[in-house]
Amino acid sequence: MAEPQQAYLSLIDEIRSAVEAEAGPRSLLDRAAGLLAGRVGCRVREAYTYLLRLAAEQGREPAPLAAEVIAVLEAGVGTGDDRRLRSVVDEALRTRRRTPPAFRPADGAPAEGEVPVRVVQTVLDSLPGGHSWVVPVRGGSGEVVDYLTEAASPEAVDTADRRGAHLIGMSLRESYPNLVGGPLWQAYGQVLADGAPRELRPFTFRAQRPGVPAQTAYSVRVNRLGQGLLISWTRHDPEAQLGDRLAQTERLGNLGWGEWDLVTGRVNWSEQLYRIYERDPADGPLPSEESNAMILPEDEALRVEAAARFAEGEALDVTLRVRVGDRVKHLRTVADALRDATGRTLKVYGIVQDVTARETARAQLAEVERELREHRESLAAEHRLAAQLQQIILPIPEAPINLPGLRLAVKYLPAERASRVGGDWYHAAHSPDCQVVLAVGDVAGHGLQAATTMAQLRHALSALTVTTTTDPALLLAHLNRLLCASTAVASTGTAIVARYDPDTRALIWAQAGHPPPLHTRAGHTVELPRPRGPLLGADPDVAYETASLMLEPGDLILLYTDGLVEHRDRSLQQGLAPVIATLNEISLAGSAQPLAALLSRLRRANPDDDTCIVAARPLVDAGTDNPGGPDDRS
Amino acid sequence: MTPVSIDPRDDGVLDVILRGEIDYTNAAPVTQTVTDAVDRVRPVAVRVDLTEVTFLDSSGIGVLITGMKAAREIAAEYRVRGPNPKVLDQLRITGLAELFPVEPAGPPAAAGPPAAAG
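Residues numbered from 1 in each chain as written. Chains lettered and ligands numbered in written order. Predicted model: local features only at pLDDT ≥ 70, side-chain atom pairs only at ≥ 80, totals over all residues. Heavy atoms only, no water.

Draft legend 1. Layout of the packing of aromatic side chains. What the rule picks out here adds up to five aromatic pairs over all chains. On the basis of an interplanar angle of 80 degrees and a centroid distance of 5.3 Å, the ring pair of Tyr147 of chain A and Trp185 of chain A is categorised as edge-to-face. With Tyr147 of chain A in strand β2 (residues 144–152) and Trp185 of chain A in helix α9 (residues 183–194), this residue pair connects regions lying 38 residues apart in the sequence. By the burial criterion, Tyr147 of chain A is buried, and Trp185 of chain A matches it. For the pair Tyr78 of chain B and Phe100 of chain B, a centre-to-centre distance of 5.1 Å together with 75 degrees between the ring planes defines the contact as edge-to-face. In this pair, Tyr78 of chain B is assigned in strand β4 (residues 77–81) and Phe100 of chain B in the loop between α4 (96–99) and β5 (102–103), connecting sequence segments 22 residues apart. The pair Tyr78 of chain B / Phe100 of chain B is uniform in exposure class, with both members buried. Taken together, the ring pairs connect Tyr147, Trp185 and Tyr188 of chain A into an aromatic cluster. Above the ring of Tyr426 of chain A, the side-chain terminus of Arg458 of chain A is found at 5.0 Å from the ring centroid. (Phe/Tyr/Trp six-rings, centres within 6.5 Å; stacked < 30°, edge-to-face > 60°. Helix = DSSP H or I, 4+ residues; strand = E, 2+ residues; numbered from the N terminus. Buried < 20%, exposed > 50% of the residue type's maximum accessible area, 1.4 Å probe, protein only. Lys NZ or Arg CZ within 6 Å of the ring centre and 35° of its normal.)

Structure (structure tokens):
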């Protein structure tokens, strides 16, 4: 971006922040929306949305736009609020005065301080109201002899009814000779000299030419802008004010009006209607046949029907899609007719509003809603499938089961939330060498992918214990390599594997990133040591270590996944405390059914995560302690 | 607050800053952001800042592992710094602290070649 352009934009920023500092952007916007809604007769919410959209379209912050809207809608009302707003504007301009413009002309570098005329014109194009940018013409000794208008806002109108681009290139000396040497001329000179803005209100322009109103009252503001002056003016005669306001309302509401006299054939379009149809006002209004031809064929039936009802005397209110240039606009037309005693239509008055943005937003919203619905449905389906899969591959025994020398119970608490059914698994079986292998594990993630990985691990463990080894460290090393080699998306998991020798009562275990077992003896529970071992699926080359313990009759061992103790608002130790307390109580109570009692009392800590618990106790004598229970050989 | 931002430094270190709760709700896009950045920048070292992380679930742990794998693939160093005590607990329990250096919180290392931390 060129330097001067940046300077200009920073000036605008400056004004904007000053306005915002004075009155919060929110309240400005609220006020503007309220006023606008009152004028246009729409809902405040709509006016609010509209202002935001307009600001976005013009690439501006909403607050200064709102301030401008308020200024326009309240111009001349003279209420306290009006004065307050004026003070806001004054304050903004003072800020500018305190910090001299960054584009003061610099010696030898003319380009530095100069604002390109096209930049000014671009900005003025987006400003409502009358503004022009004049550049001084200097005489031989450097004195200002004239001012040339180089840019003008589209709504700028002078006393002779010249507008917008027609003002560009005009010489003040030639077009308004009366002004030369007068108060406005002097104000121009002063602003040019010291950079401080001036305001003349009221300023009365006296014309001497035929066809031009003899006197017109204005408020004129003069600001220095680059090498020229930005002149902003408002007409004070009531009729013009009304016209200004109407134009402003049309522009803000994106609505234009038209009048079709069916007797004389005369058609009148407002400026905004030309803008909506992107037509040069010089070409005059579009004939009805031509504007009808722009309607999309799909909407033709709608138009014909509305026209028929209109002919029968009903008011017209229809929204049709119209191709304007290479865009399709949604135009709402509300029309009424002046009819004679026989019902013949004499004149049609209509308002056309461009509701494209609203229609587009509505369509986008519907699309998003549809996607959400589909997403929800597919989530629900996936959850059902994952839950079924889990049922199939991970049947949970309802009652405690006996394995050689060990009695155990399993509990699985699925996550509460639908999409969170996950990858917790357990394993409990005796191997050909009469060792009992117990395991619990937790696959990262949830849903189908986790359930699949869980199935993979569980089946692999079953196969390995039969064919390869029952050494917990080696089993984990195999499972780790399996997950690392898995092509599935970043599968990782944690697990603990324990082997119990019923002859020696030795328990040996290894873990992969998993909480260690809990061990309870005589009312006292501890976390067993965690031999080294990172989680599964991270690094194929890691080795796992083991630890061991001799179990005694009455001991309890608990293997669990972290849903039992992990909670995002508590530490692991805090989560563990209630579990340990429960184990201690059950151990002390000396229940005949300690496992059933234990599992019925344990509650998962984390509703986001599923939990799997395996509780075991050594059987003192396989012959007397409930022999012949069902085996789990999965 | 975005859960992740990426800051490639002039000295070839890619700073990855994680924030808030990294869990199943945001792990996928965060992982994507990290691996994309590693692929694009091809840094000599990846440093993951956990100072502002309050919670990691297993999916959040997965983000760290995927980051580690991506770094290993291009032979970049990988380290993690500034976990709060709870997150540090998780890194220890999952054994991640055995797979890559975990540094305590502190002022970011001055610009310069990354030192192998232990």
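Draft legend 2. Main features of the pattern of salt bridges. Residues and elements named next belong to chain A. A full pass over the atoms with the stated rule returns 27 salt bridges over all chains. Of the charged contacts, one joins Glu271 and Arg275 as a salt bridge, the two residues approaching to 3.6 Å between their closest N and O atoms. With Glu271 and Arg275 both in helix α11 (residues 271–276) and four residues apart, this pair spans about one turn of that helix. Its relative accessible area of 38% is what places Glu271 among the partly exposed residues. (Salt bridge = Lys/Arg side-chain N within 4 Å of Asp/Glu carboxyl O.)

Draft legend 3. Expanded view of the sheet that holds strand β6 (residues 255–261) of chain A. Residue and element names in this part refer to chain A. Within the open sheet, the five strands sit side by side as β7-β6-β10-β9-β8. Their pairing is antiparallel. Looking at strand neighbours, the two that pair on one side only are β7 (267–269) and β8 (316–324), the edges of this open sheet. Each adjacent strand pair in this sheet contributes to an overall mean axis angle of 25 degrees, direction not counted. When β6 meets β7, the two strands line up antiparallel, connected through three bridges. Following the sheet pairing, Trp260 is matched in β7 by Val267. (Pairing = 2+ DSSP bridges. Axes fitted to C-alpha atoms, helices over the stretch in contact; angles between N-to-C directions.)

Draft legend 4. Looking closely at the sheet that holds strand β12 (residues 406–413) of chain A. Residue and element names in this part refer to chain A. The strand order β11-β12-β21-β20-β17-β18 describes an open sheet built from six strands, whose pairing is antiparallel. Pairing within the sheet leaves two strands with one partner each, and these edge strands are β11 (401–403) and β18 (524–527). Strand-to-strand twist across the sheet, computed as the mean angle between neighbouring axes with direction ignored, equals 25 degrees. Strand direction decides the pairing type here: β12 and strand β21 (residues 611–618), joined by eight bridges, are antiparallel. Across the sheet, residue Tyr412 finds its bridge partner in β21, namely Cys612.

Draft legend 5. Examining the confidence of the model for chain A more closely. Looking at chain A, pLDDT values average 77 and 76% of them are 70 or higher. Across residues 88–112 of chain A, confidence stays below pLDDT 50; counting only partners more than four residues off in sequence or on other chains, it has 34 contacts. (pLDDT = per-residue confidence, 0-100. Contact = heavy atoms within 4.5 Å.)

Draft legend 6. Structural context of a nonpolar patch on the surface. Together, Trp257, Val334 and Ile351 of chain A make up a nonpolar patch on the protein surface, roughly 230 Å² of accessible area in all. Relative to the helices and strands, Ile351 of chain A is located in strand β10 (residues 345–354). (Patch = residues over 30% accessible without salt bridge, like charges linked within 9 Å, V, L, I, M, F, W, Y side chains within 5 Å. Areas by Shrake-Rupley, 256 points an atom, 1.4 Å probe, with all protein chains shown as cover.)

Draft legend 7. A look at the confidence of the model for chain B. Residues and elements named next belong to chain B. On average, residues of chain B carry a pLDDT of 86, and 89% of them reach 70 or more. Within chain B, helix α3 (residues 85–93) has the poorest average pLDDT of any element, 86, and β4 the best, 95. Within the model, pLDDT remains below 50 along residues 109–118, and this stretch shows 18 contacts once partners closer than five positions in the same chain are excluded.

Draft legend 8. A look at the pairing of β8 of chain A. All names here are of chain A. Residues of β8 alternate between two faces, with Leu316, Val318, Leu320, Val322 and Val324 buried on one and Asp317, Thr319, Arg321 and Arg323 left unburied on the opposite face. Looking at chain direction, β8 and strand β9 (residues 327–339) are connected through nine bridges and run antiparallel. Each bridged residue has a counterpart across the sheet, and for Val318 the counterpart in β9 is Thr333. Hairpin remark: β8 followed by β9, antiparallel, with two residues in the connecting loop; positive phi at Gly325, about 60 degrees.

Draft legend 9. Spatial organisation of the nonpolar core. Within the largest apolar cluster, 82 residues are counted, with the highest numbers of intra-cluster contacts made by Trp425 of chain A together with Leu18 and Leu64 of chain B. With seven residues, helix α2 (residues 58–73) of chain B is the largest single contributor of residues to this core. In contact with Leu18 of chain B, other than residues within four places in its own chain, are Pro3, Val4, Val30, Val48, Asp49, Leu50, Glu52, Val53, Val63 and Leu64 of chain B. With 24 residues, the next largest nonpolar core counts Leu192, Tyr218, Val220 and Leu229 of chain A among its residues. (Core = buried A, V, L, I, M, F, W, Y, C linked by side-chain atoms within 4.5 Å.)

Draft legend 10. Representation of the packing of helix α1 (residues 27–41) of chain B against α2 of chain B in the model. Residues and elements named next belong to chain B. The contact between α1 and α2 brings their axes to 9 Å, and the two run at 15 degrees. With respect to each other, α1 and α2 are oriented roughly parallel. Helix-helix and strand crossings are classified by hand; for α1 and α2 the assignment is right-handed. Of the residues in α2, those touching α1 at Ala27, Val30, Thr31, Val34, Thr35 and Val38 are Ser59, Val63, Thr66, Gly67, Ala70 and Ala71. Taken together, the residues of the contact of α1 with α2 break down into seven nonpolar, five polar and no charged. (Parallel < 35°, antiparallel > 145°, perpendicular 65-115°, else oblique. Left-handed = near helix turned anticlockwise from the far one by under 90°. Nonpolar A, V, L, I, M, F, W, Y, C, P; charged D, E, K, R; others polar.)

Draft legend 11. The arrangement of the side chain of Ser431 of chain A in detail. Here Ser431 of chain A shows up in the loop between β13 (422–430) and β14 (436–446). In contact with Ser431 of chain A, not counting residues within four places along its chain, are Thr465 and Thr470 of chain A.

Draft legend 12. Examining the environment of Leu50 of chain B more closely. Residues and elements named next belong to chain B. Residue placement: Leu50 occurs in strand β3 (residues 45–56). Remark: the alpha-carbon pair of Leu50 and Asn84, spanning 34 residues in sequence, is separated by 7.7 Å. Residue contacts for Leu50: discarding those within four places in its chain leaves Leu18, Leu64, Val80, Arg81, Gly82, Pro83, Val87 and Leu91.

Draft legend 13. Up close: the side chain of Ser587 of chain A. Residue and element names in this part refer to chain A. Here Ser587 is to be found in helix α17 (residues 572–589). We classify Ser587 as buried; its relative accessible area is 18%. Here the side chain of Ser587 touches Gly523 through a polar contact of 2.7 Å, landing on its backbone nitrogen. When near neighbours in sequence (up to four residues on either side) are disregarded, Ser587 contacts Thr520, Arg521, Ala522 and Gly523. (Polar contact = N/O pair within 3.5 Å; in protein donor to acceptor, adjacent residues only side chain to side chain.)

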